[in-house]
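# Understanding the architecture of this molecule
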Amino acid sequence: MPREERDLATIYDAMACGVIVRDAAGSVVFANAAALRIFGRPPDQLAGTEPPTGEERRIREDGTLMPDDEVPNVAAQLRGEPIRNVMMGMVRADGYVRWLLVDAVPVKASDGSVSEVVSSFTDVTDRKKAEQELLRQTLHDQLTGLPNRVLLLDRLEQAVRASRRLNTPLALLVMDLDRFRQVNDSLGHEAGDALLRETAERVRSELRDTDTFARLGGDEFAIVLPGSDQEGAARVAQKVVAALQRPFEVEGGALEVSTSIGIALWPRHGEDGQTLLRRADIAMYNAKHTTEGFAIYAEEAAEEDGSNQLALMAELRHGLSHDEVTVMYQPIITMNSRAVTRVEALARWRHRERGLVPPAEFIPLAERSGLVRSLFEHVLVTTLRQCNAWQKLGLPLQGAVNLSMRNLLDPELVKSVSAAIERTGARPELVGLEITESMLMADPQRAMRAVEGLRSLGVQLAIDDFGVGYSSLAYLQRLPAYAVKIDRSFVGRMTRDRSSESIVKLIIELGHSLGMKVVAEGIEDRATWDALLGLRCDAAQGYYIAKPMVAEAIPTWLAKENQTTTIN
Ligand code: C2E
Ligand code: MG
Ligand code: MG
């Protein structure tokens, strides 16, 4: 049944997709209601004029300009065949993009020429937006809105290609926050998130629009600096370090966070993005012991060694959070009464493949990788919990925990010790801390402040490995330590070597004249014990008395040796 033209128009207008019919000259001869709605223009403006008003550019799906002969209705007209499923963006003067999915079908006259082109199109802007948002989300970090690792690598490779083509320099910076984990652990994830967002903002404002700033994950960020050479990269690093030096306002308090930045330069340190990233990462770990807070990748440092160390650091980080680091306890015994007053806590890393890694190997690693505070807190809290447990068994014992150099210089040390005491509910006098003589002398003023802070918490301090460093007497005199521990190298040799014996004798006298107790470590035999007793040494530690043992072995050992425990 033939239909009136009017009926057809009603049907067209009921359709959700837009329909436009153009004549051979390209003028619009028909537009349905949806077409007018989509274009937002009255019929008289749409009909007849093509291209509409010139205010719109057409773009392809990839954002590049769509040439006229690719516009579906034009292409259908030119080629005389249907053009289907073309994604076309219409860019408005204000930048707004309307996305259309277009079909254009030519209608041919009896002579085979194209007399009209029927275009039908659907507005897919919303779908497109959702897709773009999804893409954005997979390439960006939710928390900071910064590009993520995937996008960074892509941008980095692009930058490398551009640098190669234009023969311009390129630098990559990788940075992390030195104390982020502690903030997260002690103040909670919300504070940690706030800190990351603020960090992102501060760094962003130091960079140019052409730089890529990305979050690699956790507290790690990366910056791609196209066109920057070593000097330029160092300047940016300095600015970033300075920007993060200002205290952060988190949870109503001021928080100080420092950063370490590693720099790798193209092409000197790597031809491709992956290599640059790896080397900037290595440089970042080296930056942790510079005062500037940043370091440029050092070619001469063996890559092999670097990645080995890095792998081990990553494993230590993992180990710390997975209870691979345990504590052994070695009794310290009062020589006269044979009472056990304290045990020294000695860290052990039970590595899945390497077995028991001694502290001499992993403590320096922890120092370099910013893990040393977590390590210390872990050992301290473990020890204090253990002391509480012994106390409940009627065995009061002080736990003496070793500090490393970085711990002592850590401005948060006193806070973290008092937090550990609070968390475990331990009595402060159950806490002993050992500081080596050489640590004290590295930065005497700062060490003194830390020591005084610790003393005010009520914890006891001992000077470890005494005799191998060079302390000034005046300094020692002012130091509120209760004991010095004679380094085991002297103790071990004292019965065989005259000069070691006289050093031991001297240290005992010195300690006593300063009003401190003297503890000898590394006693391995009866002869050494007797000699020390003769020299009026106060306390003893060593394999002769007991080797370091697991916590559970302590009560059994005490019972077997018929030892008592006291705290003095
Ligand atoms: P240190 O504080 O001087 O600890 C004493 C070391 O001497 C321990 O070695 C202990 O096992 C060992 N030792 C005890 N008695 C004898 C003996 O009779 N003969 C011999 N030859 N050795 C004896 P360890 O456990 O290997 O620890 C080595 C060092 O690592 C410690 O020296 C300490 O400076 C450091 N350390 C251990 N645990 C920690 C920790 O949790 N944090 C930090 N920062 N350092 C730690
Ligand atoms: Mg010690
Ligand atoms: Mg020692």
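Below you will find a few notes about this structure. Everything quoted here is computed from the prediction, not taken from an experiment. (Residues numbered from 1 in each chain as written. Chains lettered and ligands numbered in written order. Predicted model: local features only at pLDDT ≥ 70, side-chain atom pairs only at ≥ 80, totals over all residues. Heavy atoms only, no water.)

Next up on the list: the coordination of the magnesium ion (ligand 2). Within the protein, the magnesium ion (ligand 2) binds to E344 (OE), N402 (OD1), E434 (OE) and D464 (OD); these donor distances fall in the range 2.0 to 2.2 Å. Along the chain, the residues donating to the magnesium ion (ligand 2) are arranged with the sequence spacing E-x57-N-x31-E-x29-D. In this structure the magnesium ion (ligand 3) is found 4.0 Å away from the magnesium ion (ligand 2), and D464 serves as a bridging donor for the pair. Of the two residues, E344 sits in strand 15 (residues 340-351) while E434 sits in strand 18 (residues 431-436), which places them 90 residues apart along the sequence. Using a relative accessible area of 4% as the deciding quantity, one classes E344 as buried. Accessibility expressed as a relative area gives 2% for E434, which makes it buried. (Donors = N, O, S within 2.8 Å, 3.2 Å for Na, K, Ca; no water. Helix = DSSP H or I, 4+ residues; strand = E, 2+ residues; numbered from the N terminus. Buried < 20%, exposed > 50% of the residue type's maximum accessible area, 1.4 Å probe, protein only.)

Applying the stated rule across the entire model yields 22 salt bridges. Between R202 and E198 there is a salt bridge, and its shortest N-O distance comes to 2.9 Å. Taken as a pair, R202 and E198 lie in helix 8 (residues 189-204) at a separation of four residues, close to a single helical turn. Judged by its relative accessible area of 8%, R202 falls in the buried class. Between E344 and K485 there is a salt bridge, with its nearest N and O atoms 2.8 Å apart. One end of the pair, E344, is in strand 15; the other, K485, is in strand 20 (residues 483-486), and 141 residues separate them in sequence. Salt bridges sharing common partners tie together E344, E434, K485 and E521. (Salt bridge = Lys/Arg side-chain N within 4 Å of Asp/Glu carboxyl O.)

This part covers the coordination of the magnesium ion (ligand 3). Every protein donor of the magnesium ion (ligand 3) is accounted for by D464 (OD), D465 (OD) and E521 (OE), and the metal-donor separations fall at 2.0 to 2.3 Å. Positions of the donor residues of the magnesium ion (ligand 3), expressed as sequence spacing, correspond to D-D-x55-E. Judged by relative accessible area, E521 falls into the buried class, the value being 7%.

Okay, the site of ligand 1 next. In the neighbourhood of ligand 1, 22 residues make up the surrounding shell, with N402, D464, R488, E524 and Y543 lying closest. Out of a free accessible area of 790 Å², ligand 1 has 85% covered by protein chains. Elements that contribute at least two residues to the shell around ligand 1 include exactly strand 15, helix 12 (359-368) and strand 19 (460-466). In terms of residues, the shell around ligand 1 owes the most to one element, strand 15, which gives four residues. When its residues are assigned to classes, the shell around ligand 1 shows nine nonpolar, five polar and eight charged. (Near = heavy atom within 4 Å. Areas by Shrake-Rupley, 256 points an atom, 1.4 Å probe, with all protein chains shown as cover. Nonpolar A, V, L, I, M, F, W, Y, C, P; charged D, E, K, R; others polar.)

This brings us to a nonpolar patch on the surface. A cluster of nonpolar side chains, contributed by L8, I11 and Y12, occupies part of the molecular surface with about 240 Å² of accessible area. With respect to the helices and strands, L8 occurs in helix 1 (residues 5-14). (Patch = residues over 30% accessible without salt bridge, like charges linked within 9 Å, V, L, I, M, F, W, Y side chains within 5 Å.)

Turning next to unusual backbone geometry. Residue P267 is reached from W266 by a cis peptide bond, and omega for that bond is 0°. The phi dihedral of N167 falls on the positive side, at around 55°, and the residue is not glycine. Within the secondary structure, N167 sits in the loop between helix 6 (149-166) and strand 7 (170-177). We classify N167 as exposed; its relative accessible area is 67%. One non-glycine residue with positive phi stands out, namely D465, at about 50°. In this structure D465 comes out as partly exposed when scored by relative accessible area, which is 23%.

Turning our eyes to something else, we now look at the nonpolar core. L433 and L532 are the most contacted members of the largest nonpolar core, which totals 104 residues. Here the element with the most residues in this core is helix 13 (residues 372-392); it accounts for nine residues. With 33 residues, the next largest nonpolar core counts A200, V257, I263 and F294 among its residues. (Core = buried A, V, L, I, M, F, W, Y, C linked by side-chain atoms within 4.5 Å.)

This next bit is on the pairing of strand 12 (residues 259-266). Across the eight residues that make up strand 12, a large majority, eight, are buried. Side chains of strand 12 alternate between two faces, with T259, I261, I263 and L265 and S260, G262, A264 and W266 buried alike. As paired strands, strand 7 and strand 12 are joined by eight bridges and run antiparallel to one another. Each bridged residue has a counterpart across the sheet, and for M175 the counterpart in strand 12 is I261. Relative to strand 13 (residues 294-296), strand 12 runs parallel, the two being bridged by three bridges. Paired with I261 across the two strands is F294, which belongs to strand 13. Regarding topology, helix 10 (residues 273-287) serves as the crossover connection from strand 12 to the parallel strand 13, and that connection is left-handed. (Pairing = 2+ DSSP bridges. Right-handed = clockwise from strand over helix to strand, strands pointing away.)

Right, let's get into the environment of G534. Locating G534 in the fold gives a position in helix 21 (residues 526-534). Each C-alpha atom, one on G534 and one on K505, is 9.8 Å from the other, the two residues being 29 residues apart in sequence.

What follows covers helix 21. Buried within helix 21 are the following residues: T528, W529 and L532. Considered in projection along helix 21, the buried side chains sweep an arc of 105° and stay on one side of the axis. Projecting away from the buried face of helix 21 at angles above 90 degrees are the exposed residues R526 and G534. Those residues of helix 21 that are buried are in contact with strand 14 (325-334), helix 19 (488-493), helix 20 (498-513), strand 21 (517-520) and strand 22 (539-540). Downstream of helix 21 by a residue or two, R536 has a phi angle that is positive, lying close to 65°. (Arc of directions from axis to C-beta. Contact = heavy atoms within 4.5 Å.)

Once that is clear, we can look at the packing of aromatic side chains. In total, this model carries five aromatic pairs according to the counting rule given. The interplanar angle of 75° and the centroid separation of 6.0 Å between the aromatic rings of W349 and F362 together place this pair among those described as edge-to-face. Note that W349 is positioned in strand 15 and F362 in helix 12, a separation of 13 residues in sequence. You can call W349 buried: its relative accessible area is 0%. Classification of F362 as buried rests on a relative accessible area of 1%. The ring of W99 carries K128 above its face, with NZ or CZ at 4.8 Å from the centroid. (Phe/Tyr/Trp six-rings, centres within 6.5 Å; stacked < 30°, edge-to-face > 60°. Lys NZ or Arg CZ within 6 Å of the ring centre and 35° of its normal.)

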